[in-house]
Structures are given as structure tokens and as C-alpha cells.
Amino acid sequence: MKVALAFVVCCAVTLRLCAGAIDVLDVKADTLTDPYVEIPASNIKPKGWLLHQLQIMRDGSTGHLDEVHPKLKNDNGWLGGKGDGWEETPYWLDGAVPLAYLLDDPQLKTKVLKYIQWTLNNQRPSGYFGPITKEEREKGIKVSADNCQAGEDWWPKMVMLKVLQQYYLATNDERVISFMTKYFHYQLKTLKQCPIGKWTEWGASRGAENVMMTQWLYSITREKSLLELASLIESQSFEWSTWLGNRDWVMNAAANQTDKDWMRRHAVNLGMALKSPAINYQRTGQRKYLGALQTGWNDLMTLHGLPMGIFSGDEDLHGNDPTQGVELCAIVEAMYSLEKISQITADTKYMDALEKIAFNALPTQTTDDYNMKQYFQIANQVQVSRGVFDFSLPFDRGMNNVFGLRSGYTCCTSNMHQGWTKFASHLWYSTNDGGLAALQYSPNELQTKVNGKVVTIKEVTSFPFDETVTFEFSAKDSVKFPLTLRIPSWCKASTISVNGRRLDQVQAGRTVTITNSWKEGDKVILNLPMELTTSNWGKNSRAIERGPLVYALKLEERWEKGNEPNEGDYMSVYPTQPWNYGLLKQVIDNPSAHLQVTTRPLTDKFVWNIHNAPIEITAPAKKIPNWKVIDGVAHQPVTDRTGIYKGEVSDTVETIKLVPYGCTKVRIVAFPVVK
Ligand SMILES: [Zn+2]
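Every value quoted in this text rests on a predicted model; they were computed, and no experiment measured them.

Here we take up the sheet that holds strand 7 (residues 403–404). Taken together, four strands build an open sheet; the order of strands is 5-7-22-21 and the sheet is antiparallel. The two strands at the open ends of the sheet, each matched to only one other strand, are strand 5 (373–374) and strand 21 (557–564).

Structure (C-alpha cells):
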């Protein structure tokens, strides 16, 4: 049987044809054409472990935050009350709305729709929206273009725009388009008198969120004034594109620990700002922005990178020592930025970065039931407890490291819901050449229309724990379209077969596009062999990696409950076993010869914890007797430039067990190396 099959290995960075004349607004001639286009959450049905993760969230805090979190519960401003009228309600909705549509859950939809309806129904005639302002309440006026001073902070509205955009994608509710159009007209009229940073510096530091939504609306309505608005907001916001492309910023961020310009070093701001150069590139077509993004990302991960794939940020950027922490908001915001960056740049480097954060940094920072979170996680985290530790921002009560619903600061309590949900809704994109692209892998089923025909693709896999991803097609009639798959840069020996026929020319760190007339029963099998490697981190430490996962010392845990009157119940976690090991040098020299991998099948009830870890690696190691906890911190022994720690080391070689980092709560991940 003849199979019409042609495949093209695409360059990692898609060349764009639109870097031509730039008009006075610094705007690309007529269109915003991204290589990839977002798919509605309602078209993606998570399966397997990912479905279970989302169900846990629905049954836990994501589905019930409005019932358990006092800030949201009481007289909510986004429902017309005097309570939270700032960021936390939109933060929660930013994860709860995609969750409702990913799970097609009627109860959760009803719950989140209350806030969406209130917001849509209470837009002022001027276009202004959001909670009733103090001026409105006290003076009985409505905010208008003539009295924009009576309005309030632009920042939380940026988050609500993201919520409404996802709601629109899932429902096609046209009210969103006219609502946003009116609001952006209002912004264009008033931003000169009431600039983006008027009420808080958060508005100016996070303006890219507003620019992104303005350009999204432009992609639908093609109204030119939206691009004028996008340029205006960009001009009033922090100059992230310049800073990320400019080495001075990153050097100052590494050296300066004072309160001078701390908003420029704030890890959550930075997590959001990563997308800023890509958003500017989307509008202008100027490739200098892609250069700025690349320079900024590389600098950031070189100076502040941690083994689990994210930069330090407690709350400010804080270098690459494995005793540093990172805020959960920085993780989920960086993930969302990388989802947008993937869409705009088609550069697989950022897709790989997203994969690493999602499967390593993200899962560890919440509890099994998704009801508690850590404000800061630490890479080498040998205990989770109250204290000050190595963080640049200790709050007075020493609660930044424990698990709690309200411990640390509650931004993460509300914002953490977008991590897994948006990862799930960005597994697939449609492509600007009429096809589909799987840029991240996890079990799911996609149902969408291609060339007017319904296509269903079942993605059968236990990835990231499984080396094989199988795509099973069903369609009433055959439909021809290109299917794009990402080959991660860590995979040097991947293979793809289409209905049993193997393709060649599959290279790591690229995308592969297979054009075919897809029909019922077609099957594409992507095999991604996971090689054991080691990577180098702060203080010349080493981490063990295998494919998308980073591995950490498996330690049995003792959980201890506590209560802090202001911040509520919390949990501390301590290891019940020794943790002070160095890896033998021979492991670093030849990992596959000295590391033993054991895998077991994943159940659909998988939870990211040590008891469920489906992969275990054993390694030879020796104890470093003087490596001890001092004031809660396991200060890193330095592996010197010869590659060996030169202090006292035990003579006994022991076999240690490693499990995926995301399954641990207490751990060592960045190991000193011993002889
Ligand atoms: Zn936070």
C-alpha cells in the first residue's frame, strides 16, 4: 500500500518573512503571524497521570479556594464586594478556568462563571472594568476617561484579561471581544494621564501581560489602534527587552542585594518578563528581540540557574548556590511565559526549558492533595521548616519554607493553579500552515478541527516516565495536514515511525514535521531513549539527569504539623535517614556504567511523591561527615577545580537511591563529588 508521506526537518528557529519596514508605531506591516497558535483548553482531554493530577486539584484547593481562603471568601471585590479587589481572585481564576474546561466539569464552570459574568456585566460605560473603586463607592460616580484618577491599579486587570481570553477560547462568548475592545479603547484614551505604573510599580513591571492581551485581540479584530496601545504600554513599562539583552542588568542583579531597584530582580516579575521580548518581536518582527531573549535566558540560567530547571528567586534573584530557594509564583509564571515564547519563536530551546521546569521544579512545591504549598523551595532541601535560611527575603515569622495554605505570602496560594492547567492546555498548538504540533508530551486526547474536519488524536504515554509516546488517529474521513513533533535536545537517539515505517533524519533539539493524509487507525510512535548524564551546578556540584527528569536523593520523610496564629496550619518535613553523601568521581566520569535504573509501571492514580516514584536509580556514594545542617541550611561543600571534594570523606562506599526530583520533599540534588 502506498502511503503519501513526506517529512521535513525544520530549523529550530523558524525564519520569519516579516522583518521588513517598521512604521512609526514600531509595528509590523499588517499581521501578527505566530508559527503556533493556542488551542482551547476544551479541546484537550488530559489522561493518565496528568488527568489524576488535575482531578486532585479540582478536589483540592483549585476547586475550592473560594471556600477556604479568607481573602477570596469574604465579600469578594470581583463579585462587587469590598474584599479582594486586587490580584488573588484573578490569579485563582487564571488556573481554575482552564481546569474547568480541561475537565469539562459543570460545577467548577458554574463557580468560575460567577466571576466572569460579574466582570462582563459590570464594565463601566467608559470601558473601565473591575471591582468598584474607592472613589466610585464613596462619591457615587463611575470611572470614565475624564476621571481616570478615580480608577485603580491596572495590574490585576491584566490577569483578568488572561482569564477572559481563556474563557473566550473555550466558549466563543463574543461578549469578551467587545468587552476587551471597549477596555483597550479606554486604556488608549487614559494612559497618558494615568500611566501603567500610576498606582503600583507592579503595573509597570508587568506591562507585558497587558501588551500580550492587546496583541491577542488584534489577532482577532485587526484593529490598528490596538497596536498603538501595545506600543504605548510597552513604552511606559519596565524595559525588560533592553535589560535582558544587556549584560549590565544581569551582573547588577547578581551583585546587588539591596532594596535598590529590587523590582528588576524580583523573580516573579522576571518569570513574567521573559515573554516581553517575544511579545515585542510578535508586534514588530524585529529579530533583535529574539537576541535579547536568548542573551537574557542564558545569562539568567548561568548566573542563577538551579538543577530543577528554574532560576533562584527568594524573592529576588539570588545566584546559583544549591542552598537557594525559589518562589512558586516564579515557577508558574516562567512556565506560562515559556508557553507563549514557544508559540511565538518556535525555538525548541524554550520548549525544553518548559519541560524541565514542569516535570522537576513544579511538582515538589505542593502537597499530594494540592491544599498546601511552599512559598520557597530549595534545591538541596534537607529539611522543610520554619526559619530564616539562605533567603534574601525572610518575613518576620520564618514561614517561607514550610508547607501551608497561607504560609509565606499568599500570592502563590492563588497563583499556583495555572502551572499544571496551562501546561495541559499548551501540550498542543495548531500551526500557521494548517497543521497540529505536539510541543510538550503527556497523556491526553486532542479533539479538534483541521481543514473543517474533526480529528481525534490519542496521545498514549506515561511520559516523562516513559520513553515512548504513541499518537493514535481517528477521523471519519482522511484529512491531510502536517503534524509537528518536538525532539528534545537531551535525546540523541530518537526514532519516529508512521504506521510501522521508520523515518530517518530525526535530530535532537529540532522539530520534525510529518505531512500525511491522516486516517482512522494511523499510528505515529515517537521513541525518546533517556540517557543517563550528569550536569554541573553551583560550587562545582553535580546532578544526575535522565531524559527530562533530574534525580535527587530518596529520603524517607517525617511530617510534623504546626500552627502559626497569623498564617494558619502548616507542615514541616524532616528526613529520617542520612543525607550527607558525595557521589563517587567514577559516576561523573561514566554515569551509565555506575548507575542502575529500575522502572515500574505507572498507575493512573500516580501522585508526585517518594512512594509513587516509578523510576529509581542507585549510585555509589560516600558520606561527608562534616556536611551538617547549620541553622537549617546544608551549606554546600565545594568540589574543587580538580573535580573532587578535598575534605574528610568516609571510607565506606554505600549505595544510595535516587528518585525524580519532583517526587521529593527533602533531598540532595546537587552533590559534591568524592574520590
Ligand atoms: Zn507567589
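By the element assignment, S126 lies in the loop between helix 5 (106–121) and helix 6 (134–139). Judged by relative accessible area, S126 falls into the buried class, the value being 18%. Remark: the alpha-carbon pair of S126 and Y183, spanning 57 residues in sequence, is separated by 7.8 Å. Sequence-distant contacts of S126, that is, excluding residues within four places in its chain, are made with V143, S144, A145, K182 and Y186.

The subject of this paragraph is the coordination of the zinc ion. Every protein donor of the zinc ion is accounted for by E327 (OE), C329 (SG), C411 (SG) and C412 (SG), and the metal-donor separations fall at 2.1 to 2.3 Å. Each of the four donor atoms around the zinc ion contributes to a set of angles spanning 93 to 123°, which defines the coordination as tetrahedral. Between consecutive donors of the zinc ion, the numbers of intervening residues give the motif E-x1-C-x81-C-C. Here the two residues E327 and C329 agree in accessibility, since each one is buried.

The next point concerns the nonpolar core. Judged by nonpolar contacts, the single largest core of 208 residues is most densely connected at M180, F311, W420, W428, F471, I496 and V524. Broken down by element, this core gets its largest block of residues, 11 residues, from helix 17 (residues 328–345). For W420, the residues in contact, after removing those within four places along its chain, are W49, L50, Q53, L54, M57, A358, F359, L362, P363, Y370 and W608.

Here helix 10 (residues 207–221) crosses helix 11 (residues 225–236) at 170°, and the two axes come no closer than 9 Å. With respect to helix 11, the element helix 10 is oriented roughly antiparallel. Contacts from G207, N210, V211, T214, Q215, L217, Y218 and T221 in helix 10 reach L226, L227, L229, A230, I233 and E234 in helix 11. Class assignment for the residues of the contact of helix 10 with helix 11 results in eight nonpolar, five polar and one charged.

A word on the pattern of salt bridges. Throughout the structure, instances matching the rule amount to 36 salt bridges. In this structure, the salt-bridge partner of R206 is E87, at a minimum N-O distance of 3.9 Å. Note that R206 is positioned in the loop between helix 9 (201–205) and helix 10 and E87 in the loop between helix 3 (70–73) and helix 4 (88–102), a separation of 119 residues in sequence. Residues R206 and E87 agree in their burial class; the two are buried. Notably, a salt bridge pairs K561 with D569, separated by 3.7 Å at the nearest N-O pair. By sharing partners, the salt bridges in this structure join D94, K162, E209, K275 and K422 into a single network.

A few words on the environment of T461. Turning to its location among the elements, T461 is positioned in the loop between strand 11 (453–460) and strand 12 (468–475). T461 gets classed as buried once you look at its relative accessible area, which sits at 10%. The spatial distance from the C-alpha of T461 to the C-alpha of Y441 is 8.2 Å, given a sequence separation of 20 residues. Leaving out residues up to four positions away in the same chain, T461 has contacts with S442, P443, D466, T468 and V469. In this structure the side chain of T461 is engaged in a polar contact, spanning 2.9 Å, whose partner is the backbone nitrogen of F463. A polar side-chain atom of T461 sits 2.8 Å from the main-chain carbonyl oxygen of T468.

Read across the open sheet, the seven strands follow the order 3-10-11-12-17-14-15; overall the sheet is antiparallel. Two strands in the sheet have a free side with no partner beyond their single neighbour: strand 3 (44–46) and strand 15 (501–503). Between one strand and the next, the sheet's axes are offset by a mean angle of 20°, whatever the strand orientation. Both strand 14 (residues 495–498) and strand 17 (residues 523–527) contribute to a ladder of four bridges, which runs antiparallel. Bridge pairing in strand 17 links S497 to I525.

Criteria and cut-off values
- Just so you know, the residues in each chain are numbered from 1, in the order the chain's sequence is written.
- Note on the predicted model: pLDDT of at least 70 is required for a residue's local features to be given, and 80 or more for side-chain atom pairs to be given and counted; whole-chain, interface and lining totals, by contrast, use all residues.
- With hydrogens and water excluded, all non-hydrogen atoms of the structure serve as input to the side-chain values.
- Criterion used throughout: strands pair if DSSP finds at least two bridges between them.
- What counts as a helix is a DSSP run of H or I of at least four residues, what counts as a strand is a run of E of at least two, and both are numbered from the N terminus.
- Only protein chains enter the calculation, and the probe is 1.4 Å; a residue is then buried if its accessible area is under 20% of its type maximum, exposed if over 50%, and partly exposed in between.
- Contacts are assigned to residue pairs that have any heavy atoms within 4.5 Å of one another.
- Here the coordinating atoms are restricted to nitrogen, oxygen and sulfur within 2.8 Å of the metal centre, or 3.2 Å for Na, K and Ca, and because water is not among them the sites may look incomplete.
- Here the metal geometry follows the donor angles, with tetrahedral for four donors whose angles all fall between 85 and 135 degrees, square planar for four and octahedral for six when opposite donors are more than 155 degrees apart and every other angle is between 65 and 115, and irregular for all the rest.
- Here, nonpolar core refers to any group of buried Ala, Val, Leu, Ile, Met, Phe, Trp, Tyr and Cys residues whose side-chain atoms link them within 4.5 Å.
- Here an angle of 0 to 180 degrees is reported between the N-to-C directions of two axes, which are lines fitted to C-alpha atoms, with helices fitted over the stretch in contact.
- Each angle gets one of four labels, with under 35 degrees taken as roughly parallel, over 145 as roughly antiparallel, 65 to 115 as roughly perpendicular, and the rest as oblique.
- The nonpolar class holds Ala, Val, Leu, Ile, Met, Phe, Trp, Tyr, Cys and Pro. Asp, Glu, Lys and Arg form the charged class, and all remaining residues, Gly among them, are polar.
- We define a salt bridge as a side-chain nitrogen of Lys or Arg found within 4 Å of a carboxyl oxygen belonging to Asp or Glu.
- The term polar contact refers here to a pair of N or O atoms within 3.5 Å; inside protein, the definition further demands a hydrogen-donor-capable atom paired with an acceptor-capable atom, and it admits residues adjacent in sequence only when both atoms are side-chain atoms.

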